[in-house]
Amino acid sequence: MENHIVKADGNGAIDVNGQVSPVTYTVSLKEHSYEVDIRLMAPRDWLLQRGFERDAVLVSQSGARIPVYTMVPTITTAAALIPPTRSRSN
């Protein structure tokens, strides 16, 4: 029987228009898929003060730079960011 990681947490940074702040993030495996879901939370005011509109970059624990975008309007108390997928429609 093989064991697989289904969900993992990490510490990294969020880069918004060249301004970086520490952030924690969660990586989880999408059920019955080869895709992963990456989620992080950042304070709304911090994002808005740095000109965040939709896109940012997650710098992972390993140093990988992962483009992320929001599916939640920034008028909420926090913006949930997820990485773009090829199937995303604009």
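Up top is the structure.
Residues numbered from 1 in each chain as written. Predicted model: local features only at pLDDT ≥ 70, side-chain atom pairs only at ≥ 80, totals over all residues. Heavy atoms only, no water.

Chemist: Account for the pairing of strand E2 (residues 19-29), with residues named and values stated.
Modeler: As paired elements, strand E1 (residues 7-16) and E2 share ten bridges and run antiparallel to each other. Bridging from a neighbouring strand, Gly12 pairs with Val23 of E2. Two successive antiparallel strands, E1 and E2, enclose a turn made up of two residues, where Asn17 displays a positive phi of approximately 50°. Here E2 runs beside strand E3 (residues 36-43); their pairing, made up of five bridges, is antiparallel. Following the sheet pairing, Val27 is matched in E3 by Ile38. Linking E2 to E3, which pair antiparallel, is a turn of six residues; within it His32 sits at a positive phi near 55°. (Pairing = 2+ DSSP bridges. Helix = DSSP H or I, 4+ residues; strand = E, 2+ residues; numbered from the N terminus.)

Chemist: So what's going on with the nonpolar core? Which residues, and what values?
Modeler: In terms of nonpolar packing, the biggest core is built from 13 residues, with Ile14, Val16, Leu40, Leu47, Ala56 and Leu58 touching the most fellow members. Elements represented by at least two residues in this core include exactly E1, E2, E3, helix H1 (44-49) and strand E4 (55-59). Considering each element in turn, this core owes the most residues, three residues, to E3. (Core = buried A, V, L, I, M, F, W, Y, C linked by side-chain atoms within 4.5 Å. Buried < 20%, exposed > 50% of the residue type's maximum accessible area, 1.4 Å probe, protein only.)

Chemist: Residues and numbers for a nonpolar patch on the surface, please.
Modeler: On the surface, Val6, Leu29 and Val36 cluster together into a nonpolar patch covering about 250 Å² of accessible area. Within the element layout of this structure, Leu29 appears in strand E2. Under the relative-accessibility criterion, Leu29 is labelled partly exposed at 41%. (Patch = residues over 30% accessible without salt bridge, like charges linked within 9 Å, V, L, I, M, F, W, Y side chains within 5 Å. Areas by Shrake-Rupley, 256 points an atom, 1.4 Å probe, with all protein chains shown as cover. Salt bridge = Lys/Arg side-chain N within 4 Å of Asp/Glu carboxyl O.)

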